[in-house]
Structures are given as structure tokens and as C-alpha cells.
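Here is how the chains run, residue by residue.
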Amino acid sequence: MTAQWENKFVDDWSVQVPSHVTYHCQNQNFYLDSKHTMHIAILFVSLVLVLPTICYAQDAQVQWSNLTKEATRLRHEGKYDQALEVAEKALKIAEEKTGLPNEALVLVLDDLGNIYEAKKDFVQAETYKLRALAIWEKGLGPENPQFLDILDNVASYYLYVTKEHAKAETLYKRALAISEKIHGVNHFLTLDQLKDLDLLYVMQNDAAKAEPYKKRILEIQEKHLGSDHPYVIHSLWSLATTYCYQKEFAKAEALFLRSVAGAEKVHGPDHPKTALILRYLAQMYDAKGDPVKAEPLHTRSLAILEKHHGEEHEEVAGCLIDMSKHYKLIKKYDLAIPLMKRSLAILEKTSGSESHHLIDPLEQLAEMYRANKRVDEAQALEQRIARIRSLKK
């Protein structure tokens, strides 16, 4: 299995990533905008459902609304100091409580946190985010589903923005405890919190900590969705990778085979999602020292991907790398080297000649050249690898 364990799978099959954090993995700015939109939605719902009889001071409300919109616009334009000045004015109006609900104060505090985050001033950003969280908790109560969403988002801020995994873990666990109390331990609505903790430990390459959460996710999904649902098929695969990482190959194989059977039934035997699982099942057989079982799976997955994507797609390049490593493992360099060179040609075309995606196949090819006493060619590749790594810094 790959050292990065499951990280590639987030890109390959995104349905399993918790809905409130998918955008974190893709684009930090979209995370800020999405969170801002979420809070606006919460504010709207609160105004309509919770506070229908309040008569707002219209001038203050309009002024506050215009200021928050202006602050957001300035942040988008990268004018952070101006955005802070405008947001501080909105904060002053909200703090005076001139007809505005507490939700307005929370929203502008969160806006200020977003601006400081954009400025890379994470100390100030955290201050405002935690202040907003405390107000929400006091106003909504710690066992309100809306508060759960906000708690999850602050945890995700720690995970994806400041990389403070310990703080993220604490908040995610708190959110899970609240969700279990509200909904029940095996309720479908606890899945987001379970996935949060699973993804945290996957990012840390801590398979032992991820395993119990993956097992719970699978059990809940099977109970509510049935064994042939795409989410269940993914969770089987996901748990299998955890066992591979811990070298529990018998458990991994059983789950992989269930996942393959489910994918063939739901998606069809020649679908790219089926090919994805076949690739990792083949890798598992290689890792456990059973290349005879691995080889036909490599061949089948490559044929599926070439048929679906064409011969010069990145997914095809990844499959070629898998096959080349397989032949390298059994010292069939005459088969391994052409496959690795073909994968490099595809990646150079799709990602560029200095992409970090080239490092692994270049290293593999250099090792094979050295094994075949082709020292000059190996050294040339090693120099190229060093150049690409220097560009990353």
C-alpha cells in the first residue's frame, strides 16, 4: 500500500468526506465563503423561526448589513486593513444591540476571524472565532444541532488552516459526544462527526486510531442504507486500507473482496470505481507477497481505465506505476521499466515536467536503472529529482 494510506482516495471518491469539510481539502477561500454563507443561513432561519415578533431598528439593521457586505467584498479583493476597519464598525453596531439579534454579533465576529485568517494572523483569528463560538453556545445551548455545525467548523479551522490537530481532535470529540447524546450512538446523523475524526487520523497516518471510527461508520451505514449502497462499498474499502496499513492482510482481503463484489453489482465490472478498488486489492497482494494474485488485477484495472479515460489520462498513469512496481518487486525489469517510462510521459504532459507528481516514478525508475547497472541514467534522474524538490521549497 502507498505510504500516504488513504489520502488519494479523498480525490478519487469524494462522497465519503464529511459534507462540512469537503471544501477545506480543496480551497481555503471557498471554506471561508461557505462558512460565511452557512452563518447567514443560520441567521436567516433564526430571524424567521425564533424571533418573528421582534421589531428591528431598521436603520441599524440596514447599516449593519451594508457594512458586513462591504467587509466581505474588501476581504475578497485582498484589502484586509480596509475590511477590518469596516467590520469593526459593524461589530460596534451589533454590540450596541440596537434592534439586532445576537446572531448578528456572531456573524460579524466570524467575519473578523476570517479577515485575520486571510492576513495570516491566526492568534487574532482564533480569538474572534472562539468568542463567536461561546456566544452561540450560550444562546443556543450546547446540545443544539446548529451549535454542532459551528463547533465542527471551528474544529475544521484548526485542522485545515492552522494545522493544530490536537485542538481539532478535542472539538471533534466534543461534537461527537453531543451528537450521540442528541441523536443516539448508532444514529445516521452521527456519521459526520465520526467521519471528522476518521479523516483527522487518516491525515495523521494513524490507522490504529482511525480503525474504530471506520468500523462504526460501516456498521451505521449498513444498518441504514443496506450492504449494496455506494457509501457502504466505500467504507468497506476504507476499512480494508486501514488493515493493510497495520499488515492485517487477511482482514483486509475479506473487506476488499466484498467491496469489489459490491462495486461490480452497483457500478458494473468495467466501471472506473470498480477499477479503483481492484488497484488497491492488487497492491495489497503485492504487499503481502502474493504477486501471482496481484498481476491479473493490475492488468484488469489498467484495461478498464484505458477504455474509460483513454491511454493518456492521469488515472492511467497511476495504474501504470502500480504495474511497474509490481514487476519491479518480482525483478522483471524488462516489463517494469517501459511501464514506468510510459507513466512519466503521461504525467509530464498532464502535470508539467517539474511537477512533484513526478518524484515517485522518477525515484522508482532510478532504482531500477541502478539495479540494472545503468548508473549514468540513474544519476541523471536523481539530479532531476533533486531539482524538482528544490523548486517545491
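Every residue gets a number counted from 1 within its own chain, in the order that chain's sequence is written. Totals for whole chains, interfaces and linings use every residue, but because this is a predicted model, local features are given only for residues with pLDDT of at least 70 and side-chain atom pairs only at 80 or more, for both listing and counting. Only hydrogens and water are set aside; all other atoms, that is, all heavy atoms of the structure, feed into the side-chain values.

A. Summary view of the side chain of Gln 364. Position of Gln 364 among the secondary structure elements: in helix α18 (residues 359–371). Not counting residues up to four positions away in its chain, the partners in contact with Gln 364 are Lys 325, Lys 328 and Met 340. Secondary structure counts use DSSP, requiring at least four H or I residues in a row for a helix and at least two E residues in a row for a strand, with both numbered from the N terminus. The contact criterion used is simple: two residues touch if any of their non-hydrogen atoms lie within 4.5 Å.

B. Expanded view of the packing of helix α8 (residues 145–160) against helix α10 (residues 191–203). Angles here are taken between N-to-C directions and fall from 0 to 180 degrees, while the axes themselves are lines fitted to C-alpha atoms, restricted in helices to the stretch in contact. Taken N-terminus to C-terminus, the directions of α8 and α10 make an angle of 5°; their axes are 12 Å apart at the nearest point. Between α8 and α10, the angle is such that the two are roughly parallel. On α10, the residues that touch Leu 148, Asp 152, Leu 159 and Tyr 160 of α8 are Gln 193, Asp 196, Leu 199, Leu 200 and Met 203. Considered class by class, the residues forming the contact of α8 with α10 number six nonpolar, one polar and two charged. Put simply, angles under 35 degrees are roughly parallel, angles over 145 are roughly antiparallel, angles from 65 to 115 are roughly perpendicular, and the rest are oblique. Only Asp, Glu, Lys and Arg are considered charged, only Ala, Val, Leu, Ile, Met, Phe, Trp, Tyr, Cys and Pro nonpolar, and every remaining residue, Gly among them, polar.

C. Geometry of the packing of α10 against helix α11 (residues 207–225). Closest axis-to-axis distance for the α10/α11 pair is 9 Å, and the angle between their directions is 150°. Relative to α11, the element α10 lies roughly antiparallel. Considering the relative orientation of α10 and α11, their crossing is left-handed. For the pair formed by α10 and α11, the contact residues are Leu 191, Leu 194, Lys 195, Leu 197, Asp 198, Tyr 201 and Val 202 on the first element and Lys 209, Ala 210, Tyr 213, Lys 214, Arg 216, Ile 217, Ile 220 and Gln 221 on the second. For the contact of α10 with α11, the per-class residue count stands at nine nonpolar, one polar and five charged. A crossing counts as left-handed when the near helix is turned anticlockwise from the far one by less than a right angle, and as right-handed when that turn is clockwise.

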